[in-house]
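The primary structure of each chain is shown beneath.
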There are 4 protein chains.
Amino acid sequence: MSILAIPILGEARHPSPVAYHVPDNVYIPAEVGWVNGAPPAEPLLFERAGPRAKLFFDPKQTRAGIVTCGGLCPGLNNVIRSLFLELYYGYGVKEVLGFYDGYRGLDPARCKPPVVLTPEFVEDIHKQGGTVLNTSRGPVDTGVAVDNLIERKVDILFTIGGDGTLRGGRDLYLEAKRRGYALSVVGIPKTIDNDVPYVARTFGYFTAVEEASQVIRRAHMEAHSVENGISLVKLMGRHSGFIAAGATIASQDVNFCLIPEVPFALEGPDGFLEALKKRILKRKHAVIVIAEGTGQDLLGNEGDERDASGNVKLKDIGSFLREKIQAFFKAEQIPVVLRYIDPSYIIRSCPADAEDAVLCDLLARNAAHAAMAGKTGMAVGLVNDHYVHVPIEMLATHRKRVDPDGEEWRAVLAATGQPARMGSPAR
Amino acid sequence: MSILAIPILGEARHPSPVAYHVPDNVYIPAEVGWVNGAPPAEPLLFERAGPRAKLFFDPKQTRAGIVTCGGLCPGLNNVIRSLFLELYYGYGVKEVLGFYDGYRGLDPARCKPPVVLTPEFVEDIHKQGGTVLNTSRGPVDTGVAVDNLIERKVDILFTIGGDGTLRGGRDLYLEAKRRGYALSVVGIPKTIDNDVPYVARTFGYFTAVEEASQVIRRAHMEAHSVENGISLVKLMGRHSGFIAAGATIASQDVNFCLIPEVPFALEGPDGFLEALKKRILKRKHAVIVIAEGTGQDLLGNEGDERDASGNVKLKDIGSFLREKIQAFFKAEQIPVVLRYIDPSYIIRSCPADAEDAVLCDLLARNAAHAAMAGKTGMAVGLVNDHYVHVPIEMLATHRKRVDPDGEEWRAVLAATGQPARMGSPAR
Amino acid sequence: MSILAIPILGEARHPSPVAYHVPDNVYIPAEVGWVNGAPPAEPLLFERAGPRAKLFFDPKQTRAGIVTCGGLCPGLNNVIRSLFLELYYGYGVKEVLGFYDGYRGLDPARCKPPVVLTPEFVEDIHKQGGTVLNTSRGPVDTGVAVDNLIERKVDILFTIGGDGTLRGGRDLYLEAKRRGYALSVVGIPKTIDNDVPYVARTFGYFTAVEEASQVIRRAHMEAHSVENGISLVKLMGRHSGFIAAGATIASQDVNFCLIPEVPFALEGPDGFLEALKKRILKRKHAVIVIAEGTGQDLLGNEGDERDASGNVKLKDIGSFLREKIQAFFKAEQIPVVLRYIDPSYIIRSCPADAEDAVLCDLLARNAAHAAMAGKTGMAVGLVNDHYVHVPIEMLATHRKRVDPDGEEWRAVLAATGQPARMGSPAR
Amino acid sequence: MSILAIPILGEARHPSPVAYHVPDNVYIPAEVGWVNGAPPAEPLLFERAGPRAKLFFDPKQTRAGIVTCGGLCPGLNNVIRSLFLELYYGYGVKEVLGFYDGYRGLDPARCKPPVVLTPEFVEDIHKQGGTVLNTSRGPVDTGVAVDNLIERKVDILFTIGGDGTLRGGRDLYLEAKRRGYALSVVGIPKTIDNDVPYVARTFGYFTAVEEASQVIRRAHMEAHSVENGISLVKLMGRHSGFIAAGATIASQDVNFCLIPEVPFALEGPDGFLEALKKRILKRKHAVIVIAEGTGQDLLGNEGDERDASGNVKLKDIGSFLREKIQAFFKAEQIPVVLRYIDPSYIIRSCPADAEDAVLCDLLARNAAHAAMAGKTGMAVGLVNDHYVHVPIEMLATHRKRVDPDGEEWRAVLAATGQPARMGSPAR
């Protein structure tokens, strides 16, 4: 069996004040297809999430902390709020601290002290975008952070961020363990790109698709209202084109959807530019959506430069493509009206929509349950429609990507009518 | 094994023009929990949906029809549109007809003739609510309808509607079979209440939750802006309180969420009215959300009356509760300001949001794939995050309901702070 | 000349800290049409609003109060916020108090004490609907209120409410005057119905039209999606149909717009029901919008009953019309599907849209200017696109009503295609 | 007297089918302030708009055309729709043609032929952004266009566009007159910037302010969620900062509003950058809104280059300012997180909001009335809350600009708290 064990701080012996319980021995398989009626052999099995009957931490003696890291994403405040409410009302913990400014906030020399969360503080925070705890990029010195957490008697730390953040959280737990301090670190994966494995939908993704669809509708009107109008919309998606694909299917207004998972050639008889020309000559307008991480090969990006979070610095495919399109049609002597739209900052800073609000609530409450039971070094996941516990290491095994042979991408091809393959990829 | 077989019209021997395929022998289990690492014993196994390599129908000779029945639901036009596009562009079928006015439209004596769908006709229909094919309640004479379908040489009929509609569709297939006519009838389940089993989310549900959440936000401002303000919001949910529960979790502005699955007493020291009084005395305002099918026991509804669709006629719990609350506080000499809000018709007539748009697209395309492969007497479902084929009979086995012991209802209790049980149920 | 003089508390001799000034001798005429090039003879002339060079109150010694009364209206929080900001930052007054719960809040025996407003308190209040100061209906004992205002050393009171509220405010000023206490009372007229004379647009009206238009769009889809679908939407408008008319013109989806200013007969060959029948037979669907105060004659409402604010209690024309329509078509043996929608509480509790936000800001700042200059017994108005000072008495001279011979109503008739006159009025 | 005469094609002797009339001898003054109670001396007097009792054109013999020119603006489809409906239903004209692709559409050699408008064609066009007639920049050969209009027997041409478009329309009328052909050309001024004189609000402006306010709210969350976060939002406004000012007042989330009318210095102790630094040090975040035409002096733009519409090509102040800010804070060794947002294409392509929808309807209907009465060489205006006829020449006398000494700009200063003057202007 491939049961994915979750690190545990010790025996759970405090009875839980929470009224219903999920047993510790139920697992959700990553693979659910039964071929010819036989169960999958040796699937990855994830512990099912939920409140446990016994807790490692005595709620009345427990102090928790929350930190939000990396870029904005709809739902951050919802997660903060539901974490607090579950801990405070559900378990009756002693205190919940909100650390400011991302991981920087764990270093007392680099940030103001944390805020003690209260029902009044969190009352309406879910109605606005951003994060009330602020955020930043980059790591913290593990030793300094653990010093601080021990000094402040923090038993549980919830880290809301991308994979770098979650791995950093695991380092904190390991360092605390080395010192004999029982620190639970539980992550809530945050990536608007929806590219985390074993989390079917990351929070904020749905909202981003909704917002992106609205932008695409406007881009469609721009292109549609002039002869040979072209709207080029750059959307988020560093390694995975889920937002671009989702918004394409939802809006049904896109004619070319370009994502990192499906390389293409610009030039040549089967390339993108010729396909675009055919479309323009035939229909007189086109909407192009491109994920920001697409076509780094075309840009000659070797991936050497990195930002403060350790992410590869992307080269700007949007501006590049804009110039290529303009030059191409100029050479072809076809006058076009090209509009370039980059709505990323508008999209990621908006409040969570209802679906994401529900997702945030359940992710956060399940994270609280796991931590109170003494689990650590893990994140909350969503596998085959069930919330699960995912060891941090599993998140780093791969990225979730749009499957070029799957039904989602096929729905994109059907919605756009674009060629399934556009030229040989540049590599 | 409990493989749920799908009726098939005959051998599928025409090669499919669709480029990727899902084999016919992969099944998705209804139950995915592996206890102690062992697979579930004898789970219900559903055929996985998707395009098949071989088709029963020769696309070039195939004529399909679409009909929408019952009440409005966000996404109807998206389903119509994606069905047409998959059949027309994906398979190249000869013709797709849109029958008007629900099942009435299958009877030529009672309705104008169907429209031949075209790319121009469906171009922008998904941007508006309602259904361009119109809808109605009630059945059609099966013999008359089959006469008409045969006369019009319709090979496939897609029925978009509730369980009555889907069962009616199966009758059509069986009647045609009796006459030796190969008619595929494939349903796309439609219920804004989200109460269909084996369809994790029915289309329109997410949009309804989003819209209901916005209404609740307004109701909260009404209640919050006066002393002892009470807003009472009636939402859809005849048998299942999913919309009420979802909107409660999403908005986090509700103080009492009342659903059919969780009976309660009005009167008595543990009853709802006392709980409301405590809330009002302490916080000076309250928001109550009630699903329309709640508390039929309190109303003495024996369920004898039925509407044209065969649904039990509900008595109006909203007005009843409004009067009970007003009488109660009058007797208690506590002046309250009560606002009653019934937004149902506003919610169900709006366009699908992005998430529902994606869901509609994938449901519709999978329905098209199933029909072209010769499947019939089935509906498209969604089990553990995978699209599947569900025999119509299975839809009638039970309703999907909010589990009073599950994590969703617990999230409701946490969001509202309402007592888990309010008095003994009236029965 | 008909210059409308504004009561003034005394000589304005303190220099204003505000950098720009509007002189006291500029007037805006109510009537601007120059016939044959000659100016209107003896028009009503209103003092132009704006900051004055000299103030009656010494800002550093001045304490102001704010109270919100009556029903909710989008923009209340914007007005509170801009009043505070202008007084606090623009003039540097000593203190601004927010009295709770409408006029009840002026009576210390009936309400908790006022809040001292701060920049933090008002920071984000304009982003939500309702009023952070709460509201109530009904008057306060003038003597008690003036006692309290004198006791609290309040020099200026801003009253935000309908005409009853504004007249009540004048009584406070007169009572204070009688006692030799210089109290400025300045009103900001609040009526979502937009029926105040000399205020071309009251705040909240635009937002209400926008929201009502969205509701009408949904109602149109309801009616349009079934055979003989009728949607009946009741909108606000006790005496004046501005919201119904505005939303009809904006949405262009309405077929009958019924307002108090244009009486009609229900029955008879030229009556409303026959006109509706013609429409249904011809187009198979209809959207009806009715202002709540319409057709009180049909209901036999003599106007004897009044609510706590002194407003005539309206009888429910919506339910009445619904029943009449259903009975009529039943008798005609024409099956119709009628949906009744009453969105009033959803509309009035929403935040102000951008246009209303700007209007609220300018109304509030001009009210602050007037009060600091020592004006009293007045309200801020908007005449021919200029902000003016309106003596409270002028507000009571008449209601602003939709002119059945004017261009707005003509635009309604053009948008709906309804008959200009439907039968003889019932009277 | 300064009555602004409108050119008239000849005697109006056909009785109007429209039921109510506005006489021809009522004028609205541009200036309405009565100083010391005396009417303004020699004000500009504009003919009041509205249906006239007598028409120059016999409706049954009349053919009209509509053309939309220049950039997108919310409400274009509303104007097209209401023009058609008024002509078709109100007057019963013979035919209304929609010319495609802006002025290019008047040249049969450069564009497909016009569409004959019908009730079905315009049914739902107002629910979407853009223009169904398409648009383009640039003029048409006057002789060719008049040939075509005469050939097609077009009696009236409605031109919807900016001042270049309107002047071009007057040239058409003059050329037709020279040939003895009675052509009425009536303009509906279109500028999202709201910079047309004698049109208090141009259509689309309100919608743009609403949309821009939403974007600013998001920008605020971006800036507010990180330490030293700066959001820089570029908005439309080539010569006039009305959108930037309006959105600043509406959102109340802006800290610096920069517009063409108020020059400023970047550098120096009183310059913008120092003011921004003070804000960042004190409050840790800032939102900057800049109109696109601002600071062309700083960019060294001499205004030599022009686009196809004849507009001066602006240099990109947004990118320039972004770089200046980043360089400045780098030199100051203050780490900032700067987000640059350019939402222009998203804003201008959206549908009209309710207020703009009403405005479009009334502008369009008044334009139809004027043309049917035989007026030409004019545009519809809005002066002191009354619709008027404006001779085309008057539109070119000046641009409407934000008055740096007026109440609107003062409301901006109050909302932002920015210094009234930032350094000496560069010039």
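Remember, predicted model here, so these are calculated numbers, not experimental data.

How should the overall build of chain A be read in this particular structure?
Counting its regular elements, chain A contains 12 helices and 17 strands. Taking 22 Å as the expected radius of gyration for a compact globule of 427 residues, we find that chain A reaches 23 Å, a close match to that expectation. Dimensions of chain A, computed from the C-alpha atoms along their principal axes, are close to 75 × 55 × 40 Å. Counting over 427 residues, chain A shows a buried share of 63%. Sequence-distant contacts, at least 24 apart, represent 77% of the contacts inside chain A between residues at least 6 apart.

Is there a simple way to think about the relation of the copies chain B and chain A in this case?
Here the second copy of the chain follows from the first by a rotation about an axis and a shift along it. Of the two same-sequence chains, chain B is brought onto chain A (RMSD 0.0 Å, axial shift 0.0 Å) by a rotation of 180 degrees. As the rotation angle and translation indicate, the two copies are arranged about a two-fold axis. Among all residues of chain B, the one whose C-alpha sits closest to the rotation axis is Asn 384 of chain B, at a distance of 2.4 Å.

Would you take a moment to explain the confidence of the model for chain A for this structure?
Taken residue by residue, chain A gives an average pLDDT of 95. The fraction at 70 or more is 99%. Here the prediction assigns the complex a pTM of 0.96, and the interface score ipTM is 0.95.

Just checking my understanding: could you explain the interface of chain B and chain A for this structure?
The accessible area lost on association of the parts is a frequent measure of interface size. At the junction of the two partners, chain B supplies 51 residues and chain A supplies 51 residues. For the side of chain B that touches chain A, the secondary structure elements donating two or more residues are β3 (26–29), β4 (34–35), β5 (44–48), α1 (76–91), α5 (205–224), α6 (242–251), α10 (354–372) and α12 (407–416) of chain B. In terms of residue class, the side of chain B that touches chain A is built from 28 nonpolar, 12 polar and 11 charged. With 2 bridges joining them, strand β3 (residues 26–29) of chain A and β4 of chain B adopt antiparallel strand pairing. Bridge pairing in β4 of chain B places Tyr 27 of chain A opposite Trp 34 of chain B.

Please explain the relation of the copies chain C and chain B as it appears in this structure.
Once turned by 180 degrees and shifted 0.0 Å along the axis, chain C lies on chain B with an RMSD of 0.0 Å. Taken as a fraction of all interface residues of chain C, those also at the interface in chain B reach 100%, which identifies the copy contact as same-surface.

Mind showing me how you'd approach the interface of chain C and chain B here?
Contacts between the two partners involve 24 residues from chain C, matched on the other side by 24 residues from chain B. Listed by contribution, the elements that provide at least two residues to the side of chain C that touches chain B are α5 (205–224), β15 (337–341) and α9 (344–348) of chain C. Per element, the largest residue contribution to the side of chain C that touches chain B is 5 residues, and it comes from α5 of chain C. Partitioned by chemical class, the residues of the side of chain C that touches chain B number 9 nonpolar, 10 polar and 5 charged.

Can you walk me through the domain arrangement of chain A in this structure?
All names here are of chain A. Split into domains, chain A comes out as domain 1 (2–202 + 352–395) and domain 2 (205–349 + 404–416). The C-alpha-based centres of domain 1 and domain 2 are spaced at 35 Å. Taken together, the contact pairs 21 residues of domain 1 with 18 residues of domain 2.

About the criteria used
Residues numbered from 1 in each chain as written. Chains lettered and ligands numbered in written order. Predicted model: local features only at pLDDT ≥ 70, side-chain atom pairs only at ≥ 80, totals over all residues. Helix = DSSP H or I, 4+ residues; strand = E, 2+ residues; numbered from the N terminus. Rg over C-alpha atoms; globule rule 2.2 N^0.38 Å. Buried ≥ 20, exposed ≤ 12 C-beta atoms within 10 Å, placed from the backbone. Contact = placed C-beta atoms within 7 Å. Least-squares fit on C-alpha atoms with pLDDT ≥ 70 in both. pLDDT = per-residue confidence, 0-100. Nonpolar A, V, L, I, M, F, W, Y, C, P; charged D, E, K, R; others polar. Pairing = 2+ DSSP bridges. Domains from an automatic or database assignment.

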